[in-house]
Amino acid sequence: FTCSGKLYGMDLTAVNPMLEKSAHLEVKSGKVDSLVFSFDANEVNSKGSMKFMYHNLEVELLNRTDKGQDTKHQLLTFIARQFIIEEQNPSKVKPVRITQISFPRDPYRFFFYYTWKSLQSAIMPAIGLPKGFKLNHKS
């Protein structure tokens, strides 16, 4: 299948229900200026690209049990905000980041999971997180 879309002027906190469970992130603030994507997917994988422009992004890294309130997760959130997460795209000194959509299909998971994970594979690098970012869930 082929999937493409455009989104403009959305509050990023609206995606928290999906991000909290799948990426263990909570958006505290942020606004989508524009998000344009297109990808092809088949029984093996998805491939495409995304141009995700946003501003005022602030996130918190979550732990499954404590929602990020312990000292360890406060420190990780601080480091992510200061050195990893890009507050906006494009930045004041860099051009617009265009990221690649790429996700292997799990034949035992539902179609919407495959679609969301394909999109997430480009969203995470667009905000500065490395591809395949996983937060250690052990407290």
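The present account deals with the structure reproduced in this document. Keep in mind that what you see is a predicted model, and the values were worked out from it rather than measured.

The rules behind these values
- Residues numbered from 1 in each chain as written.
- Predicted model: local features only at pLDDT ≥ 70, side-chain atom pairs only at ≥ 80, totals over all residues.
- Heavy atoms only, no water.
- Salt bridge = Lys/Arg side-chain N within 4 Å of Asp/Glu carboxyl O.
- Buried < 20%, exposed > 50% of the residue type's maximum accessible area, 1.4 Å probe, protein only.
- Helix = DSSP H or I, 4+ residues; strand = E, 2+ residues; numbered from the N terminus.
- Contact = heavy atoms within 4.5 Å.

Things to note about the pattern of salt bridges
Part 1 of the argument: Enumeration over the complete set of coordinates arrives at 2 salt bridges.
Part 2 of the argument: One salt bridge connects Glu26 with Lys28, and the closest N-O pair in it is separated by 3.5 Å.
Part 3 of the argument: Glu26 gets classed as buried once you look at its relative accessible area, which sits at 19%.
Part 4 of the argument: A relative accessible area of 39% places Lys28 in the partly exposed class.

Side note on the side chain of Gln120
Part 1 of the argument: Examined against the element boundaries, Gln120 turns out to sit in helix 3 (residues 111-126).
Part 2 of the argument: We classify Gln120 as buried; its relative accessible area is 8%.
Part 3 of the argument: Every residue in contact with Gln120, bar those within four places of it in the chain, is listed here: Ser22, Ala23 and Pro125.

Let's talk about unusual backbone geometry
Part 1 of the argument: A cis amide bond links Asn89 to the next residue, Pro90, at an omega of 5 degrees.
Part 2 of the argument: Inspection of the secondary structure puts Pro90 in the loop between helix 2 (71-84) and strand 4 (98-104).
Part 3 of the argument: A positive phi angle, close to 55 degrees, is found at Asn56, a residue other than glycine.
Part 4 of the argument: By the secondary structure assignment, Asn56 is in strand 3 (residues 45-61).

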